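What follows is each chain in one-letter form.
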Amino acid sequence: MSQGESSGRVECPDCGEYINVGAAGAKALDKIHRGKKSCSDNQKRRNAKRNQPSLMSMFAKQPKAKPTVPLVKAPPPIQPRKATSGPSTSRQSPTSPFSSSQPRREGTDNGPTGISILDTLRARIQALSDAIPEATSDDELAAFCGDPPGGIIVNDPLEAWEIWDPPLNTLLQRSPNDLQMLVKRGQYGIRNLYHVFRHVAVDLRVDVGLLEGKINRVIDAIDAPMMPEGADNRMDIPLDIPGPIDVDALPSRETTPIPTSSSHAYKYVELNRACPGVTIDIPEGQSAHSMYPFGLHDKFGDPWDYSVRRGVMSVFAPTCRVLRKNETICPGCSDLHADGRFSGIQNRINNGVHENTGLAYHGIASLQTLTRRKQGQIRALRLQKLNDTRKLAGKQVALDAHKEWMMAIGSGKVERVDKLVKVGLRRGAGVKGLLKLYDRAARGVYRPRSYTEEDDYRALLMWRLGGTRVATIAHRALDMPSVDVVRRRTLVPPIHPSPYFPAAPEIRENVVASFAAIKALLEMHKVVHQVIMLDELKVESRLRWYCRNNFILGVCREHGSRVCLEFKTKEEVHGLIDAVAENKVHIASEATVGAIGLLSRVPRLYNAHPVLISASCKKETGTQHAKLIAALVDASKDTTIRTVSIASDGEARRGTALVQLTFKHPLNETSPIYPHVGRLPLMNLEVGDDDVTCDKDYKHVIKRFRNLLLRESGTVVHGVHITLSVIRSHLAHNNISMNRINDLLKPDDRQDVKLSYDLLREIWLLPEALPTDTPTFTAARKSLRTLGSLFRHILLPYVCIDLTLSEQLVHLSAAAHTVLALWIEDGVKTRLMPSQLYIDLMIMVKNTYFCVAKVKVDDPKGGFWIILLGTDRLEILFGIVRTMVGNDANLDVLQLGDRITSATEVSAIFAKYPHWDKPPRRLNLPMLSKDELLIPGSVDHLTPSTWRGNVDVENVVLLTCWNSGRRLAEDNPHLKAVLARLLPGANILRPFAVEMVKSKRTDIDDTIDDSETARDNSLDPTLEDAVGEEEAGASEEKSLSPLFEFDGKQVYKARYLKEALSQFREAPNSRDRLKRVASVPRYAIKQDSYIPPAELTETSEDANLTDSTCTVKYQLLHLTGTSDDEAEGQYDWKWSMKRGETYSVPGRLVHPYSPAVSTRTPGKPTWVFESPVLRALGMSMLDDLAMQDSALLPEVDPTPVFPYLLGGKACFVCENDGKEREIVSAAEYKCTHCQPPVPLPKKDGPRTIEHAAAHQLFDSQIDRAQEPCGLCLRPAGVFDWKKSTCANQVNFSYARAAASTDSSPCSNVPVRCPECNDVKAPAVWSYNMLAHLKRRHPHVDFEAYEDKYKIDDFEYDMLKNVWANRHKKQKKRKSKKKIATLLISEAHSSRLA
């Protein structure tokens, strides 16, 4: 049996540990240990130690050898002495505690022998005499107090002996006398040592045999007698000891008994005792061999010696000696604590050594760490270099590929590279993959088809704005989606024009179509309110067949019900022709467009949604128009959104209709909005069904206020008459340049919104007059500043994007109260402004307050943007429509329907991508900040998304806003006094407590610009029909056949309709916008000059043609083109042997020419002409013409023989870069007293006299005392027809001109003065008779001749209307005599000369 087995422990062959198996022997090892977790854990620890080769491995403990049978018999070990009960006079030397015995493993059984020795120690401690002193907390054994003793916690019992053995050796490895010094009573005394022994033996299960020697030494120290006082227990030891004493190497110390008194026992005294040196603290888990910097001894010598015993390292001073009495350490070693080198070593051992410290200061462990780190860094740097080299090589390849990619993109061989890249990246391709894709695309074998929403919208814009041709070009050139793809992705279904008077079901279909694309958005954003917008658009008078419902479009809704408009057979067409010829129905000249505008801040929603397109002949009454609007309002209910207002631009017929619909009854007190608006002082409360109100477009109102300032009659404010000259002088006084003033007061364009804003703003910026200014100037400045305040209150709510909704309402209230006070001040009324402008402004303010009240009721947490009111969104839609057709081009009803649909789609796209659009500058208002500074326009139209002020209605109190606005207006003392004198029952629309809106108004609103935005079609109708057929054929929605059977043949309906109605087609209008608005034909003989070869018949005697007094008469020669048989060389024209009329002109206008004579026909010689020569003559004559000669040119009506025709086209028109237009324009009679000049009818004398008479009566610039001429208004005194030099002299019927009628109210004619006795005395104009009498015959009784000069009230009122409307373009009556369409032959124009 082996030694292990005899003790009950067996070594495990797997993990190498000794396992306690008891009496069962090795057989129980497999059952209780092998394969268990403890066995596997021990194996892992052993393998881990083996697999960590390092520099420290040479210092590591070697595995314990297995017990072997010794070959030489060792002497028996010295056994510890058995304790005896009584004192002994001689004792053997105690066994050294530093035994090489190994601790027992886990499971060691400390039998009765081990426990008995602990009990013996306890009994000795308990029997201590009271004479022994009591220990204090400063004693050495006090450190072992506590549980566990000394606070040392042992987690692994296997390590218990290694942990506790060093401190116990340090404590007990001393002389018996020193051990005797430890024996003290109390809690800090020797009992703590007992607790340590018991804790190690019992709790930590360390074999008591290992502790037996230490326990016996303690027992001996307790039992030893005390040494007498003064005895010396040491021998003198020389101090020159060369080094530390190795205690283990000393021979066994002999003790000599020293006799004492008989009453004392012998006490063993140690003869010498070595110094323990200074212990170096080594951190737990570390070794002194690895932590101590041994290299320092080579660098600094040997400042001390060192030794390591059982893991404890001590250093000794070179002067170390044997300890003397009461010394625990020699002085030399004690001084080591003050050595900075020693403290530095201890500090570095405890806290670690900085890696940059010299290597000599590092221990073995630190050097190992540095070495491993350096080796790791070297390996990492080597690998990094290798990796960097490989990466750089790869990067170089990638850079080459990217350079190749950039060169490929720069070649421009592939469009839409971004789409190609997106496709490649989606496939996971790198730059090489992208290069392959690009190469395939460049070779035309691959085209990326990944289109985004923006691509679809761009292509849709191209198609809608430019047509199929432009969209196809964009597809082929820019690789955008094709027309077929885009057509399938349209957003808005077609909006159908109404062939008859629109009915509510028909409008509902358009409502559903217009809102189909945004239905989900409406539900998402919970839109609760909408407005209805109405406006007219000029259309070409033309009938078209509509392929979607088989109806004929273009007939007026007023009378269309009299005929059948469904195209099934030719009979419907001929019936329509007969009705048009008999004037029973009319071809429409304009179309009414109705749209719904949602009150929402979502860009996709706030654009106009058209739902009504209806043609009109403009003969509809207000009541009939009210039915149309009512049908529209009824159909709009299908959106399930409440209609809060109906907006218009101020058209008179619609104004009457809106009054009938929105001024039905006062607001009911039970209405939910009554608490908000019913208590507003001076507010008009008349509403329609569902409390609907009418509205006026704010931009039109702003433009009309500018026109108010530009009108000749001016305006009256505070009794001061403000005219253009007054405004001009005050602007100049404010340091505004004359060029700027002329631009602001330019009357040419009355539709320019930006110009209107600029003028009104300059007025409100005028400062107060200076004390040195004249009284009249000061009064005028005060009036202008009042006007400026009004303009500011009107403009700021719509242009200052920082205003809150409450501040906007305050400004509108101030504007309403200011206008109300100015209107009733001194009864000025229409002298302030036309009544219609006053009403429109008040309606605009009233509607804004009512709309805010409705939002507060229906959506208390919502917002409201007043810039969404009015018809501005519909105007934007019209602008898109005109852009689609092209500049200077018109459209018919069918085209309007198609383009309204397209414009709706375009408007929705622009709302989503506003940065794509650039609307016209003249239609936009600028943006101001709250301090009224101009904000650079980042957008062109003011929209809810650009508004920065708080527009939440929950913060608005309407009564407070209304009253605050009144207080602003009352800051002007004049206005405050006027408002205080209002009559009972007065409100903003009843300023004198008398009905104003519903009553008939006699004044004329000269602030409205009636110029139509007519646009003429530039395409030939046949081409347009062909285009329409092509697009209809491509449409998926087409279900009706474009053909019908006629005489057994299939004929296109559109083409047949065009041919059948050709007799009603008028000549196309001029391409010039102003002439087109005036319905001037594009080709009319009166608009061009032609060269007429003529025969001179008479000249003044002895006169040269260049003399100013020379007059010639000539007779026209009729020319015809030569046939191929008659052509002689270059002569392509000949005289037809016929002559025309004779005319008289100044000789300087005649150019002599000697043509060649042809005798081709025997006996009938004739003149022949060359086209190049005739063209050159025409150019030469046109160049020689002066502007003043234009009135001397004869006018002729077109005949079959003049102008000369070739192939149905007029030849030899004289034109040169527009000069011919200037000549023709200069030939017109114009009134130079009007600004701008007003054309006068050249052949209508009564109209010319009528216009001049209006100047005499109402123009303050005309001095009637000077007896102005009744035709040209120059001071003439008397009138002699034969000797007159009047520039406007014209023939007229005296009887007709002298009678005042409805059609010709003026009776100003030359009459003979009854006081001038000379029969040959010149006549006097009747309007000048009173001035003539006062000037020439002051002695007569003027009242006696009152019948000669007095003007009755009828004539006066009629001429006042003429004066007010002089700048308006008169609607021309359709002449029964059709103007022949005249096509110009470009090959024979003088421009080619």
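This is a predicted model, so every value here is computed, not measured.

Taking strand neighbours across the sheet as the criterion, the 3 strands line up as 29-30-36 in an open arrangement whose pairing is mixed. Edge positions in the open sheet fall to strand 29 (1205-1206) and strand 36 (1383-1384), since each of these has one partner strand only. When strand 29 meets strand 30 (residues 1209-1210), the two strands line up antiparallel, connected through 2 bridges. The residue of strand 30 that forms the bridge with Leu-1205 is Ala-1210.

Taken together, Met-462, Val-470 and Leu-478 make up a surface patch of nonpolar side chains, about 210 Å² in accessible area. Among the secondary structure elements, Met-462 is positioned in helix 16 (residues 453-478).

So, about the sheet that holds strand 11 (residues 590-598). Two orientations exist for strands paired in a sheet by backbone hydrogen bonds: parallel and antiparallel. Taken in spatial order, the 5 strands make up an open sheet running 12-11-8-13-16, and their pairing is mixed. The open sheet terminates on both sides in strands that have one partner only, identified here as strand 12 (609-616) and strand 16 (693-696). If you compare each strand with its neighbour and ignore which way they point, the axes differ by 25° on average. Pairing of strand 8 (residues 529-538) with strand 11, which is carried by 9 bridges, proceeds in the antiparallel orientation. Across the sheet, residue Val-531 finds its bridge partner in strand 11, namely Gly-597. Most of the contacts of helix 21 (residues 622-635) go to strand 8, to which it runs at about 140°, and overall it touches strand 8, strand 11, strand 12 and strand 13 (642-648).

Take the confidence of the model for the chain next. Averaged over every residue, the pLDDT of the chain is 77; residues scoring 70 or more account for 77%. Counting interchain partners and residues more than four positions distant, the pLDDT-below-50 stretch residues 64-109 has 51 contacts. Across residues 1071-1080, where pLDDT falls below 50, the model places 21 contacts with residues more than four positions away in sequence or in other chains.

A word on the pattern of salt bridges. Inspection of the entire model under this criterion finds 40 salt bridges. Residue Asp-14 pairs with Arg-34 through a salt bridge whose shortest N-O separation is 2.9 Å. A residue pair is termed long-range when its members are at least 10 positions apart, and Asp-14 in the loop between strand 1 (9-11) and strand 2 (18-20) and Arg-34 in the loop between helix 2 (29-32) and helix 3 (37-50) qualify at 20 residues. Here Asp-14 falls in the partly exposed class, since its relative accessible area comes to 25%. By relative accessible area, which is 33% here, Arg-34 ends up partly exposed.

A positive phi angle, near 55°, is found at Lys-526, a position not held by glycine. Residue position: Lys-526 is located in the loop between helix 19 (519-525) and strand 8.

Before going further, it helps to spend a moment on the environment of Gln-1289. Mapped onto the fold, Gln-1289 is located in the loop between helix 40 (1245-1258) and helix 41 (1294-1298). A relative accessible area of 25% means that Gln-1289 is categorised as partly exposed. Separated by 19 residues in sequence, Gln-1289 and Gly-1270 have C-alpha atoms that sit 9.7 Å apart.

A word on the side chain of Thr-848. For Thr-848, the position within the fold is in helix 30 (residues 835-858). For Thr-848, a relative accessible area of 0% puts it in the buried group. A distance of 2.9 Å separates a polar side-chain atom of Thr-848 from the backbone oxygen of Met-844. Ignoring sequence-local partners within four residues, the contact set of Thr-848 consists of Tyr-798, Leu-809, Leu-812, Ile-866 and Leu-869.

Looking now at the packing of aromatic side chains. Per the stated rule, a full pass over the model turns up 13 aromatic pairs. Residues Tyr-698 and Tyr-798 carry aromatic rings whose centres are separated by 4.2 Å and whose planes lie at 5° to one another, so their mutual orientation is stacked. Here Tyr-698 is found in helix 24 (residues 698-710), whereas its partner Tyr-798 is found in helix 28 (residues 775-799), with 100 residues between them in sequence. Taking the relative accessible area as the measure of exposure, Tyr-698 reaches 4% and is therefore buried. Cluster of aromatic residues (ring-pair linked, three or more members): Tyr-292, Phe-294 and Tyr-306. Across from the ring centre of Phe-992, 4.9 Å away, lies the NZ or CZ of Lys-829, which sits over that ring. Taking NZ or CZ as reference, Lys-846 lies 5.6 Å from the ring centre of Phe-850, over its face.

What follows covers a positive patch on the surface. Judged by side-chain charge, Lys-422, Arg-426, Arg-427 and Arg-440 come together as a positively charged surface patch. Within the secondary structure, Arg-440 is located in helix 15 (residues 431-442).

What follows covers helix 42 (residues 1329-1336). What helix 42 keeps buried is the set Met-1329, Ala-1331, His-1332 and Leu-1333. Residues of helix 42 that are buried sit in contact with strand 34 (1310-1311), strand 35 (1324-1325) and helix 43 (1346-1349).

The next point concerns the pairing of strand 7 (residues 312-316). Extensive coverage of strand 7 is indicated by the burial of 4 of its 5 residues. Relative to strand 7, strand 5 (residues 278-280) runs antiparallel, the two sharing 3 bridges. Bridge pairing in strand 7 places Thr-279 opposite Ser-314. As paired elements, strand 6 (residues 305-309) and strand 7 share 5 bridges and run antiparallel to each other.

Calculation criteria
Sequence order as written defines residue numbering, which begins from 1 separately in each chain. The predicted nature of this model means local features are confined to residues of pLDDT at least 70 and side-chain atom pairs, given and counted, to a pLDDT of 80 or more, with totals for whole chains, interfaces and linings taken over all residues. With hydrogens and water stripped out, all remaining heavy atoms of the structure feed into the side-chain values. One requirement defines pairing of two strands: DSSP has to find at least two bridges between them. Strands are runs of DSSP state E lasting at least two residues, helices are runs of H or I lasting at least four, and both sets are numbered from the N terminus onward. Like-charged residues are merged into a patch within 9 Å and nonpolar side chains (Val, Leu, Ile, Met, Phe, Trp, Tyr) within 5 Å, provided each residue has over 30% relative accessible area and no salt bridge. For accessible areas, the Shrake-Rupley method is used with a probe of radius 1.4 Å. Any residue's cover is judged against the shown protein chains and nothing else. What counts as a salt bridge is simple: a side-chain nitrogen of Lys or Arg found within 4 Å of a carboxyl oxygen of Asp or Glu. Axis lines are fitted through C-alpha atoms, for helices just across the contact stretch, and the angle between N-to-C directions can take any value from 0 to 180 degrees. The contact criterion used throughout is that any non-hydrogen atoms of two residues lie within 4.5 Å. Per-residue confidence from the predictor is reported as pLDDT, a score between 0 and 100. Three exposure classes are used, based on accessible area relative to the maximum for each residue type with a 1.4 Å probe and protein chains only: buried under 20%, partly exposed in between, and exposed over 50%. Polar contacts, as counted here, are pairs of nitrogen or oxygen atoms within 3.5 Å of one another; within protein the pair requires one atom able to donate a hydrogen and one able to accept it, and residues that are adjacent in sequence qualify only if both atoms are side-chain atoms. For Phe, Tyr and Trp, rings pair up if their centres lie within 6.5 Å, where Trp contributes its six-membered ring, and each pair is then called stacked (planes under 30 degrees apart), edge-to-face (over 60) or tilted (otherwise). Note on criteria: charge over ring means Lys NZ or Arg CZ within 6 Å of the ring centre, with the direction from the centre no more than 35 degrees off the ring normal. Under the counting rule used here, the positive set is Lys and Arg, the negative set is Asp and Glu, and His together with the chain ends is not counted. Think of each charge as sitting on NZ of Lys, CZ of Arg, CG of Asp or CD of Glu.

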